[in-house]
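# Structural description and commentary
If you want the building blocks of each chain, they are given just below.
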Amino acid sequence: MSFFEVHDPIFSTYVLGNAPVKQLATGFDWVEGPVWFGDANCLLFSDIPNNKIMRWTPDAGISIYRQPSNFSNGHTRDLQGRLISCEHGTRRVTRTEYDGSITVIADSFEGKRFNSPNDVVVKSDGSIWFSDPHYGIMTNYEGFKAEQEIPCNVYQISPDGQSIDAVITDMACPNGLAFSPDEKQLYVADTGAMFDENADRHIRCYDVANGSTSNGQHFHTVDAGASDGFRLDTDGNIWTSAADGVHCINPDGKLLGKILVPELVSNVCFGGRAKQQLFITATTSIYAVNLNRQGAQTP
Ligand code: MG
């Protein structure tokens, strides 16, 4: 059985025919938020319902990085390499300092609590952009059930950390997000209202200039499930989660191919020695595959 499905011939050059899609660990409940630390040779990821951040290393396998994790979801690293985390339980975004202490960098907007920060990305000017859908407060499964105080928006924390702006306010439930390699575009997944089969689920593409977004356009709708989280490679291809695996979409919005994964995928990140290994969080398991592609952005 092939691990790959080719929809455009170029995809054959992006994958390595003999590289397996390998399960690295399993037994979790809902994994998300993969982030690679090359300096520590490890992957961190969230097991949201179990309130843990897990660590995987090639040599030692799985261990617990943080418990409780405040039901953390998405992660990235800032320009100084520090861990940035979205937390459902505390409805905030935090930074883990080099000494291990935790600094809250955003927990409210105009006096109202965020819903449940979901995914986060850092721009090269140091600004931190995160999505805030309501999934983590709808039930007690991935956080604490609570009333929604504000709409589901995307926010930007300024490079100096002093101000927070709502930069996308026209989505039902913004989720995964990532910049194009030149940072002129911001891709954002809208996963729609949970329990609403008719909700629009797609990736939208916004123009970015002077710290704000405009001209949001439909970019791509995956043909299986919904796009939750994604990363880009150095040529601007989008590697997005879907129900049947990871889909590779080119900058024109065309499906080039799929990495088939036997569980529903939530998110991905590039890592490994040459940033050519794609780590995949998929429901109860972590998978990885080596590609002939390199990740574009901070993990
Ligand atoms: Mg997500």
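Everything below is about the structure printed above this text.
Note that the structure is predicted; figures quoted are calculated from it, not measured.

Helix and strand counts for the protein chain come out as 2 helices and 27 strands. Computed over C-alpha atoms, the radius of gyration of the protein chain comes to 17 Å, within 12% of the 19 Å expected from 2.2 N^0.38 for 299 residues, which places it in the range of a compact globule. Among the 299 residues that make up the protein chain, the fraction classed as buried is 59%. Taking contacts inside the protein chain between residues at least 6 apart in sequence as the whole, the part at least 24 apart equals 46%. When the accessible surface of the protein chain is totalled, it reaches about 11900 Å², and 47% of it is carbon and sulfur. Charge centroids of the protein chain, computed over 22 positive and 36 negative side chains, lie 5 Å from each other.

The magnesium ion binds to the protein through Glu32 (OE), Asn118 (OD1), Asn175 (OD1) and Asp228 (OD); the donor distances cover 2.2 to 2.7 Å. A relative accessible area of 2% places Asn175 in the buried class.

Okay, the sheet that holds strand β15 (residues 154-157) next. Ordered by their spatial adjacency, 4 strands build an open sheet running β13-β14-β15-β16, and the pairing between neighbours is antiparallel. Each having just a single partner strand, β13 (120-122) and β16 (164-168) make up the two edges of the open sheet. For this sheet, the mean inter-axis angle between neighbouring strands, taken without regard to orientation, is 25°. Looking at chain direction, β15 and β16 are connected through 4 bridges and run antiparallel. Bridged to Ile157 within β16 is Ile164.

This part takes up the environment of His75. Residue placement: His75 occurs in strand β7 (residues 72-77). Along the primary structure His75 and Ser85 are separated by 10 residues, whereas in three dimensions their C-alpha atoms are 4.6 Å apart. Reaching out from His75, the side chain makes a polar contact with the side chain of Ser72 at a distance of 3.5 Å. At a separation of 3.4 Å, a polar atom in the side chain of His75 contacts the main-chain carbonyl oxygen of Asn73.

What counts and what doesn't
- Residues numbered from 1 in each chain as written.
- Predicted model: local features only at pLDDT ≥ 70, side-chain atom pairs only at ≥ 80, totals over all residues.
- Heavy atoms only, no water.
- Helix = DSSP H or I, 4+ residues; strand = E, 2+ residues; numbered from the N terminus.
- Rg over C-alpha atoms; globule rule 2.2 N^0.38 Å.
- Buried < 20%, exposed > 50% of the residue type's maximum accessible area, 1.4 Å probe, protein only.
- Contact = heavy atoms within 4.5 Å.
- Areas by Shrake-Rupley, 256 points an atom, 1.4 Å probe, with all protein chains shown as cover.
- Lys, Arg positive; Asp, Glu negative; His and termini not counted.
- Charge placed at Lys NZ, Arg CZ, Asp CG, Glu CD.
- Donors = N, O, S within 2.8 Å, 3.2 Å for Na, K, Ca; no water.
- Pairing = 2+ DSSP bridges.
- Axes fitted to C-alpha atoms, helices over the stretch in contact; angles between N-to-C directions.
- Polar contact = N/O pair within 3.5 Å; in protein donor to acceptor, adjacent residues only side chain to side chain.

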